[in-house]
Amino acid sequence: LSSPSSLTSLAPAPAQPKSSKSPTTLHNDFSTPTPPPSTPLLDTINDPSDLNGLTIPQLKQLSNELRWDVIRSVSKTGGHLGSSLGVIEMTVALHHVFDAPEDKIIWDVSHQCYPHKILTGRRSGMPTLRQLGGISGFCKMKESPYDAMGAGHSSTSISAAQGYSIAKQMLNKPRNNCIAVIGDGAITGGMAYEAMNSAGYLKNRMIVILNDNGQVSLPTGTPSAGGTGAASSLSATTSQILVSKPFQDFREVAKGLSGLFPENIQEFNKKIDEYARGIVSGGTLFEELGFYYVGPLDGHDLDNFVPILEKLRDSPSNKPVLLHVKTIKGKGYAPAEAASDKMHGVAKFDVATGVQFKGKKGPPSLTSIFANELVDVATEDRTVVGITAAMPGGTGMDIFGRRFPKRTFDVGIAEQHAVTMASAMAAEGLKPFVCIYSTFMQRGYDQVVHDVAIQNLPVRMILDRAGLVGNDGPTHHGAYDLSYLGCIPNLIIMAPSDEIELKNMIRTAHGIDESPSVVRYPRGTGYGVEKLKTLFGYDLPEGIPSEGTAVEVGKGRIVRTSSRSNAQRKDKVAILSFGTRLHESLLAANDLEEVDSDISVTVADARFMKPLDIDLVRSLASSHSAIITVEENSRGGFGDAVLHFLSLDGLLDAGDLRFRPMNLPDAYFEAGPQYEQYENAGLNAKHIKGTVMKLMGKTAVPQLA
């Protein structure tokens, strides 16, 4: 297999006698499987080497047992279900054919890695999946040598596979098999094409498996300017054309005839076959990047999949190969196959029905509050548009898209593109709201600086999932946005403390036409009317207002003043909160004044980090002997901005003002409940109380030896 043309033999088996089954239909052997009463074959698998001697029928049995083991496990913990079910046969085939961990199998994003974890010795840990102290929901290098590369964000696997391939070649390793498994969603990310361009140019031996399940966005099907299909021209093309009947017939006939001709005619026919694959399928795109394209294959058909992988494994060719595999997300579990999001991410659920246990209904999510407020704003202003990067469900753009499909733009996993596209929209007079998770905006950072901020274009950036996010762990925490955005000139940065403030800030951002703006808010729900009244001090005779009211840019507010009006400055402390730690700050303040009769506590909501309300900070500094800032961000964020101002303004020079920033520690927080993560971070009410007590000299500070 030293030349591209010789790889034509890797195509699916020759045509079988005609049947009524359409060639576009994937294998349905496991569409409605019977849950196995036991897992005798899976019980013998302690690591991938135990798959080596299994026959194809045994691999099929193992796949069925593995599928239901995943279903049962995730039903008890919650997690990423649909993506894992779609790669059951692929995972079994890869670990049967290749010798991991020496052979590198790299899962892009890796939310589909549960079957991989079970086959690589972590089955007993599945009850702790995504729990505090348990195994990760993604691949994690320090967790297992079989996790060749940690992941959580998309489009990185091909680069990693190329790096491994180069290293193996340069170190003269006897075997060089590096496999990247990437979905049709992740391959919309520009980094994937950068890697393919490089691998083809450098001719690095590697296999890229394109897992094509038609689920580019979460969920795919959200109404948008591109319709309701997958947010990817490539995905649409491969889905509709690659498995079309004329294409299948042409290839089968070509393969059947080629053996009847002399060698030079066979070579000519192979060239025709390669050309036809490019014309019909779009395979030319990958081949022009230097890859040999093979496919499409049925990813659930082990009879064909296994021998093709074996051929690729044993090939001496150094040409990178793209193996196009069609799969069904949620395969084999009827509730998942029927769901709009294919049960991509689920809570605990009932296996028999697929019904998820989400607890009693509480206040609406902050995401839905944002989305509905934006719908109201867009109803009044036809220039408002919404942009998301393959996350309409997570960002609320599915709600906006159902109301304004032609004003909703899902660009796929392409945050860089989303930001720059929005900058030009703003330059031409639209009001774009770019809705991206805080952690994913890291991928569009240069565009925020180069295409938005330097040109001072009024792009509204809505950062969902700011702060610690819970069970998805360190790859998904929005822990850095205040640090990486706070240093950029021209940006206005605000963070709501509650659902009313979120509505107000969406209105505020809408009205900012002179500069770019950022609204960041966490994963979670609102507090509800009663808590807003009793703890936050709102006067809400008619409940939460139906629409927000814009606030003055750069102006914070005093939320709580002490009843101890005669307190001296030396006994007065101010807690200056930015974002939703205001809730914990108020709890701490109330508790402090209950347990100490001298301390007087003021609580302020900064609202804005840029521009900082310097009048508020000066007022707090002059009337209090101590200031504590609280935020859901790493070092270099809001607290540092306040400290920087206090220093430059000379407010610390007299030595009579004490200051403490409370932010996320310089560490990664593993998966677990949000509250427990903030407990470990030292940012809950008791920690704020403790910091005040130490700062005011009420508690002895341990002395280092």
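Each value, and the rule that gives it
Residues numbered from 1 in each chain as written. Predicted model: local features only at pLDDT ≥ 70, side-chain atom pairs only at ≥ 80, totals over all residues. Heavy atoms only, no water. Helix = DSSP H or I, 4+ residues; strand = E, 2+ residues; numbered from the N terminus. Buried < 20%, exposed > 50% of the residue type's maximum accessible area, 1.4 Å probe, protein only. Contact = heavy atoms within 4.5 Å. Areas by Shrake-Rupley, 256 points an atom, 1.4 Å probe, with all protein chains shown as cover. Phe/Tyr/Trp six-rings, centres within 6.5 Å; stacked < 30°, edge-to-face > 60°. Lys NZ or Arg CZ within 6 Å of the ring centre and 35° of its normal. Pairing = 2+ DSSP bridges. Right-handed = clockwise from strand over helix to strand, strands pointing away. Axes fitted to C-alpha atoms, helices over the stretch in contact; angles between N-to-C directions. Parallel < 35°, antiparallel > 145°, perpendicular 65-115°, else oblique. Nonpolar A, V, L, I, M, F, W, Y, C, P; charged D, E, K, R; others polar. Salt bridge = Lys/Arg side-chain N within 4 Å of Asp/Glu carboxyl O. pLDDT = per-residue confidence, 0-100. Core = buried A, V, L, I, M, F, W, Y, C linked by side-chain atoms within 4.5 Å. Expected span 1.5 Å × (residues − 1). Arc of directions from axis to C-beta. Polar contact = N/O pair within 3.5 Å; in protein donor to acceptor, adjacent residues only side chain to side chain.

### Here we look at the overall build of the chain
Within the chain, the secondary structure is distributed over 26 helices and 19 strands. Expressed as a percentage of the 705 residues in the chain, the buried residues total 57%. At a minimum sequence separation of 6, the contacts of the chain that also span at least 24 residues come to 77%. In the form shown here, the chain has an accessible surface area of approximately 28,100 Å², with 54% of it arising from carbon and sulfur atoms.

### Section: the packing of aromatic side chains
Applying the stated rule across the entire model yields nine aromatic pairs. An angle of 90° between the planes, with centres 6.0 Å apart, marks the rings of Trp68 and Tyr333 as edge-to-face. Of the two residues, Trp68 is situated in helix 1 (residues 56–77) and Tyr333 in the loop between strand 6 (321–326) and helix 12 (334–338); the sequence distance between them amounts to 265 residues. According to the relative accessible area criterion, Trp68 is buried, its value standing at 6%. Residue Tyr333 is classed as buried on the basis of its relative accessible area, which comes to 2%. Through a chain of ring-to-ring contacts, the aromatic side chains of Trp68, Tyr333 and Phe349 assemble into a single cluster. The lysine or arginine in question, Arg407, covers the ring of Phe404, its NZ or CZ lying 4.2 Å from the ring centre.

### Quick word on the pairing of strand 16 (residues 600–605)
Across the six residues of strand 16, six count as buried, placing the element largely inside the fold. Residues Ser600, Thr602 and Ala604 line one face of strand 16 and the alternating positions Val601, Val603 and Asp605 line the opposite face, and both faces are buried. Examined bridge by bridge, strand 14 (residues 557–560) and strand 16 share three bridges and lie antiparallel to one another. Residue Arg557 lies in a different strand from strand 16, and its bridge partner there is Asp605. For strand 15 (residues 572–578) and strand 16, the ladder comprises six bridges, and the chain directions are parallel. Along strand 16, the bridge assignment pairs Ser577 with Asp605. Since strand 15 and strand 16 lie parallel, the crossover through helix 22 (residues 582–595) that links them has a hand, and here it is right-handed.

### Observations regarding the packing of helix 16 (residues 415–428) against helix 18 (residues 445–453)
Where helix 16 contacts helix 18, the axes come no closer than 9 Å and their chain directions differ by 10°. Comparing the axis directions of helix 16 and helix 18 gives the class roughly parallel. Here helix 16 contributes Gln416, Val419, Thr420 and Ser423 to the contact with helix 18, which in turn contributes Gln447, Val448, Asp451 and Val452. By residue class, the composition of the contact of helix 16 with helix 18 is three nonpolar, four polar and one charged.

### Some words on the pattern of salt bridges
Per the stated rule, a full pass over the model turns up 42 salt bridges. We note a salt bridge from Arg130 to Asp472, for which the minimum N-O separation is 3.1 Å. Of this pair, Arg130 sits in the loop between helix 4 (114–122) and helix 5 (157–170) while Asp472 sits in the loop between strand 11 (460–464) and helix 19 (481–486), and the two are 342 residues apart along the sequence. Classification of Asp472 by relative accessible area gives partly exposed; the value is 23%.

### Structural notes on unusual backbone geometry
That bond from Ala100 to Pro101 is cis: its omega, 10°, falls within 30 degrees of zero. In this fold, Pro101 is placed in the loop between helix 3 (88–97) and strand 2 (104–107). The residue after Lys610, namely Pro611, is reached through a cis peptide bond having omega -10°. Relative to the helices and strands, Pro611 is located in the loop between strand 17 (608–610) and helix 23 (614–623). The backbone phi angle of Val109 is positive, close to 65°, even though this residue is not glycine.

### Topic: the confidence of the model for the chain
Reading fine detail from the predicted coordinates is not recommended where pLDDT is low. Averaged over all residues, the pLDDT of the chain is 87; the fraction at 70 or higher stands at 85%. Contacts from residues 239–266, a stretch scored under 50 in pLDDT, to residues over four places away or in other chains number 42 contacts. Confidence drops under pLDDT 50 across residues 274–282; counting only partners more than four residues distant or on other chains, this segment forms 22 contacts.

### Observations concerning the nonpolar core
Core analysis: the biggest nonpolar cluster contains 55 residues, and Leu81, Leu94, Ile209 and Leu323 have the highest contact counts within it. Among residues more than four places away in sequence, those in contact with Ile209 are Met90, Leu94, Ile179, Ala180, Val181, Ile182, Leu309, Leu323 and Val325. Core analysis: the next-biggest nonpolar cluster, separate from the first, contains 49 residues, Ile387, Ala604, Leu612 and Phe638 among them.

### A look at helix 11 (residues 302–314)
Given a rise of 1.5 Å per residue, 13 residues ought to cover 18 Å, and the 18 Å separating the end C-alpha atoms of helix 11 matches this to within 8%. By the burial criterion, the buried members of helix 11 are Leu302, Phe305, Val306, Ile308, Leu309 and Leu312. In a view along the axis of helix 11, the buried residues occupy a sector of 170°, so they form one face of it. Packing partners of the buried residues in helix 11 comprise helix 1, helix 3, strand 4 (207–212), strand 5 (292–298) and strand 6. The N-cap residue of helix 11 is Asp301: its side-chain oxygen and the backbone nitrogen of Asp303 are 3.2 Å apart.

### Some remarks on the side chain of Arg465
Within the secondary structure, Arg465 sits in the loop between strand 11 and helix 19. Looking at Arg465, the relative accessible area reads 16%, which means it is buried. For Arg465, the side chain forms a polar contact with the side chain of Thr367, separated by 3.4 Å. Among all residues touching Arg465, those that are not within four sequence positions of it are Thr367, Gly394, Tyr437, Ser438, His476, Gly478, Tyr521, Pro522 and Arg523.

### Here's the deal with the environment of Pro665
Among the structural elements, Pro665 can be located in the loop between strand 19 (658–662) and helix 25 (674–681). A relative accessible area of 33% places Pro665 in the partly exposed class. Measuring from C-alpha to C-alpha, the distance between Pro665 and Leu683 comes to 9.7 Å, with 18 residues separating the pair along the chain.

### A short note on the sheet that holds strand 13 (residues 517–520)
The sheet built from seven strands is open, its strands ordered 9-8-10-11-13-12-17 with mixed pairing. The strands lining the two open edges of the sheet, one partner per strand, are strand 9 (408–410) and strand 17. Strand-to-strand twist in this sheet, taken as the mean axis angle between neighbours without regard to direction, amounts to 20°. Sheet topology note: the strand 8 (residues 384–388)/strand 10 (residues 431–437) ladder contains five bridges and is parallel. Residue pairing in the sheet places Gly386 in a bridge with Phe433 of strand 10. Running over the sheet, helix 13 (residues 366–380) touches strand 8, strand 10 and strand 11 and is turned about 145° from strand 8.

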